[in-house]
Each structure stands twice: as structure tokens, then as C-alpha cells.
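# A closer look at the structure
Below are the chains, spelled out letter by letter.
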Amino acid sequence: MYDLVIIGSGPAGMAAAIYAKRACLETLVLERTGFGGGQVLNTYEVDNYPGLPGISGFELAQKMSEHAVKLGAKTVEDDVMELCAEQDKYIIRGENGTYETKGIIIATGAKHAHLNVPGEEELAGMGVSYCATCDGAFFTGKDVAVVGGGDVAVEDAIFLARNCRKVYLIHRRDELRAAKTLQEALKTYNNIEILWNTTVEEIKGEEMVTAVTTRNKITGQVQDVAVSGIFIAVGILPNSEWLGDSLEKDQGGYIVAGEDCKTSRPFIYAVGDVRTKPLRQVVTAVADGANAVTAYQKDILQ
């Protein structure tokens, strides 16, 4: 029987583990992939985490994990399938085992949204990518496309422009949603071309991507843009399907939880990208982890 089981080991989960161990709670972290970090692992540079400007996503995740381990946090690799309530405890069933706990913190994060266009699934891993920092090196000196208009898309375009010959930033609107600092940085690269009011209709290629078919929403013009790779950064989807209807969610599938991270079930908390919140950043995920453990400690005393 654990005092607390944390499902997921991204920044929110690791912060929760750190705070839980400092509170002397018997804590278990369940990690599906066997290594922690979450989406921050795929971030080339984290320049807005206080006190650590320019740190790589991998290094930041590693530091958080090492901190939790140093305090005695226990991590088990398992893919959680369901949660069940049983009298005064919860039963967590995974592919590799069953775990009993008094409280649960869900830190399962989110995954990349897809375009759902012809060629996307067929050419995944063959020029279609959702992680520029993971796969960008394969396209050195080549022409590539990035789809999206938010922070991640602009960061990806800048990252790729450092080594690629040409980067097309394809955005369905007439203005970017990315932070102004990123937009200013984007302007300094002469090899980035923005295709405004444009959508991707198809990704072409046989064994590798050779082109993307685009449509201009204003003029209706359809054209093929020759590229060797396409990096898709059009948002994220919460990893909450496995919960079914056991917790309240919003229309987007995010677990409904406020700043105290409390969900619709007692002693279950949601933190990080999987919960309803206005800003999804590493710093807010870490704050969630701390808030959830604090809320749990208050709840068990009532």
C-alpha cells in the first residue's frame, strides 16, 4: 500500500515525487516508457525556465529525475490501464502489475496532434516527424516544411533553419500565435519562408517524403512544395483516454482540475498538460506537482 502513486514522470510528475518524498510519503512513480521527462525531452533548448537559461530539455528532465531519485522516489515501468476504487483505497491496474494506494496524481501529459491527411501515417518515420530536435539532423542541407503557428512550430522552424537549406513554415492563419520573442527571432533567418493562410492537403512520396500538397485558403491555389521532410506541430492531445468516464473531462479530453489540481474524485489529482489550464509550460507543470502534493496532504488530514 502506497501513500501516493504518481502516474507519469514528466516535469509535473517529478516535481510531485520530489515534494512527496520531502513530505515523507511512501511514493511510487509509474512510467510507461521506462525513462522520465515527457515532452520536454524533445525540446532542444528551454530558455524560459527560471535560473537555467538555455538548458536543453534532456538535461532539465535528467536533473529533475536525479533529484527525485536522490530523495528516494521509486520508479516502476508500467503502462496503466485503469483505476478502480475499493473502500478506502484505489487499485491501479497496469500491464505489468497491480498497485494499491491512498492517493493518485495523474501526470500522463499529452501527445502530438496529427493533420490526418493522406500520406501522413504511411510516411511516418520516413520524412514525417513530430519532433524537430529528434529528427532534424537527418535533413541537414535539405528543404523541409514545418506546419503550425504556435511556439513549438516557430521553435522548430528556427532549429531546423540552422542546418537545413530551406524551411517552409506553413500556417493556416494570417498571423502567428507564437511568443513575440520567437517571432522576432524567426525574422532573422533568411532561409525561412512563411506560407500564410495555407493548409496541407497531402504528403507525397513513396519510400520517403518528396513533397507536400498545399492549398491557399484565400485564393484556393493548390501547389506541390518539394521537401524532404515535414515536421508537424499543430498542438497536443491529452493522454487521458485510458481513464474512460472515471473522471470528469472537458470537451478536449483534458481532466477538469483547478489550481489545487483536485479532480472529480477524492484523493485523485491531475497535473501538467493533462489537466484543464490556460498555460502549459514546464514551469506551470512543476507548480502543479507541488500544488497537488500539498492538496493531498491537507485532504488526508480532514
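Fair warning: this is a prediction, and the values are worked out from it, not measured in the lab.

## Describing the overall build of the chain
A count of helices and strands for the chain gives six helices and 17 strands. Once the C-alpha set of the chain is aligned to its principal axes, its extents read approximately 65 × 40 × 30 Å. For the chain, restricting intrachain contacts to residue pairs at least 6 apart in sequence, the fraction spanning at least 24 positions comes to 57%. Put simply, the chain shows about 14900 Å² of open surface, and 49% of that area lies on carbon and sulfur atoms. Distance between charge centroids for the chain: 4 Å, based on 29 positive and 41 negative side chains.

## Structural notes on the packing of aromatic side chains
Within the structure shown, the criterion is met by three aromatic pairs. Between F267 and Y296, the aromatic rings sit 6.4 Å apart at their centres with planes inclined by 85°, giving edge-to-face as the arrangement. Taken together, the residues span a long stretch of sequence, with F267 in the loop between β16 (236-238) and β17 (268-270) and Y296 in helix α6 (residues 282-301) at a distance of 29 residues. Overall, F267 belongs to the partly exposed group, its relative accessible area being 31%.

## Focus: the packing of helix α4 (residues 151-161) against helix α5 (residues 180-187)
The geometry of α4 relative to α5 is characterised by a closest axis approach of 10 Å and an angle of 25° between their N-to-C directions. For the element pair α4 / α5, the angle class is roughly parallel. Crossing of α4 against α5: the hand is left-handed. Contacts from D151, V154, E155, A157 and I158 in α4 reach L182, A185 and L186 in α5. Here the contact of α4 with α5 is built from residues that sort into six nonpolar, no polar and two charged.

## Some details on the pattern of salt bridges
Per the stated rule, a full pass over the model turns up 14 salt bridges. For the salt bridge of D3 with K102, the shortest nitrogen-to-oxygen distance reads 3.6 Å. In this pair, D3 is assigned in strand β1 (residues 2-7) and K102 in strand β6 (residues 98-106), connecting sequence segments 99 residues apart. For D3, a relative accessible area of 19% puts it in the buried group. A salt bridge links D288 to R275; the nearest nitrogen and oxygen atoms lie 3.0 Å apart. Taken as a pair, D288 in helix α6 and R275 in the loop between β17 and α6 lie far apart in primary sequence, 13 residues in all.

## Describing the state of the cysteines
Enumeration according to the criterion identifies one disulfide in this entry. Between C164, a cysteine without a disulfide, and C131, which holds the nearest cysteine sulfur, the sulfur-to-sulfur distance is 13 Å. C164 sits in the buried class, given a relative accessible area of 5%.

## Some points on the sheet that holds strand β15 (residues 229-232)
Across the sheet, five strands lie side by side as β8-β15-β9-β10-β11; this open sheet has parallel pairing. Every interior strand has two partners, whereas the edge strands, β8 (128-129) and β11 (192-195), have only one. Pairing geometry for strand β10 (residues 166-170) and β11, over four bridges, is parallel. Bridge assignment links I170 to a residue of β11, and that residue is L195.

## Comments concerning the pairing of strand β4 (residues 80-86)
Across six bridges, β4 lies against strand β5 (residues 89-94) in antiparallel orientation. Among the inter-strand pairings, C84 is bridged to a residue of β5, identified as I91. Connecting the antiparallel pair β4 and β5 is a turn made up of two residues, with Q87 showing a positive phi of about 55°.

## Quick word on the side chain of T214
Structurally, T214 is set in strand β13 (residues 209-216). Among all residues touching T214, those that are not within four sequence positions of it are I170, T198, T199, E201, Q221, V222, Q223 and V225.

## Re α5
Within α5 the residues assigned to the buried category are L182, Q183 and L186. Down the axis of α5, the smallest arc covering the buried residues is 100°, so these residues share one side. What points out from α5, more than 90 degrees from its buried face, is the exposed set K180, T181 and K187. Of the surrounding elements, those touching the buried residues of α5 are α4, β10 and β11.

Calculation criteria
Residues numbered from 1 in each chain as written. Predicted model: local features only at pLDDT ≥ 70, side-chain atom pairs only at ≥ 80, totals over all residues. Heavy atoms only, no water. Helix = DSSP H or I, 4+ residues; strand = E, 2+ residues; numbered from the N terminus. Contact = heavy atoms within 4.5 Å. Areas by Shrake-Rupley, 256 points an atom, 1.4 Å probe, with all protein chains shown as cover. Lys, Arg positive; Asp, Glu negative; His and termini not counted. Charge placed at Lys NZ, Arg CZ, Asp CG, Glu CD. Phe/Tyr/Trp six-rings, centres within 6.5 Å; stacked < 30°, edge-to-face > 60°. Buried < 20%, exposed > 50% of the residue type's maximum accessible area, 1.4 Å probe, protein only. Axes fitted to C-alpha atoms, helices over the stretch in contact; angles between N-to-C directions. Parallel < 35°, antiparallel > 145°, perpendicular 65-115°, else oblique. Left-handed = near helix turned anticlockwise from the far one by under 90°. Nonpolar A, V, L, I, M, F, W, Y, C, P; charged D, E, K, R; others polar. Salt bridge = Lys/Arg side-chain N within 4 Å of Asp/Glu carboxyl O. Disulfide = S-S within 2.5 Å. Pairing = 2+ DSSP bridges. Arc of directions from axis to C-beta.

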